[in-house]
Amino acid sequence: FYLHEEPAGTAYYVAPEIIRGKPAAPQSDQYSLGATLFYLLTGNPPFPGENRKDVLKHHLHTPAPDVRDQRPDIPEALAQVLK
């Protein structure tokens, strides 16, 4: 885990490239939107953690969780959007 400097934004929704100190791209917004949608559908962030560093590590190294683990009623097509 390497963090050049503290990324802007909330750790729960920040894209991996931002954590790595790279410039934001349209994909960064898509990633953050997906994390926000996950929260809106489940009431939980996709990567909870004990502290900011733990959450950022998950964004870098942990595959995206399946929203249906918390909300089995979510349609497959919507679940695929969040992967």
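Before reading further, recall that the structure is shown in the block above.
Because the structure is a prediction, the values reported are computed rather than measured.

Is there a simple way to think about the packing of aromatic side chains in this case?
For any pair of aromatic rings, geometry is given as the distance between the ring centres together with the angle between the planes. For the structure on display, the rule yields 2 aromatic pairs. Ring plane angle 70° and centroid distance 6.3 Å describe the contact between tyrosine 12 and tyrosine 13, whose orientation is recorded as edge-to-face. By relative accessible area, tyrosine 12 is classed as partly exposed at 32%. With 6.5 Å between their ring centres and 85° between their planes, tyrosine 13 and tyrosine 39 make a pair best called edge-to-face. Taken together, the positions of tyrosine 13 in the segment before helix 1 (16–19) and tyrosine 39 in helix 2 (residues 26–42) put the pair 26 residues apart, joining distant regions of the chain. The exposure class assigned to tyrosine 39 is partly exposed, which follows from its relative accessible area of 36%. A connected cluster of aromatic rings, assembled from ring pairs, spans Tyr12, Tyr13 and Tyr39.

What counts and what doesn't
- Residues numbered from 1 in each chain as written.
- Predicted model: local features only at pLDDT ≥ 70, side-chain atom pairs only at ≥ 80, totals over all residues.
- Heavy atoms only, no water.
- Phe/Tyr/Trp six-rings, centres within 6.5 Å; stacked < 30°, edge-to-face > 60°.
- Buried < 20%, exposed > 50% of the residue type's maximum accessible area, 1.4 Å probe, protein only.
- Helix = DSSP H or I, 4+ residues; strand = E, 2+ residues; numbered from the N terminus.

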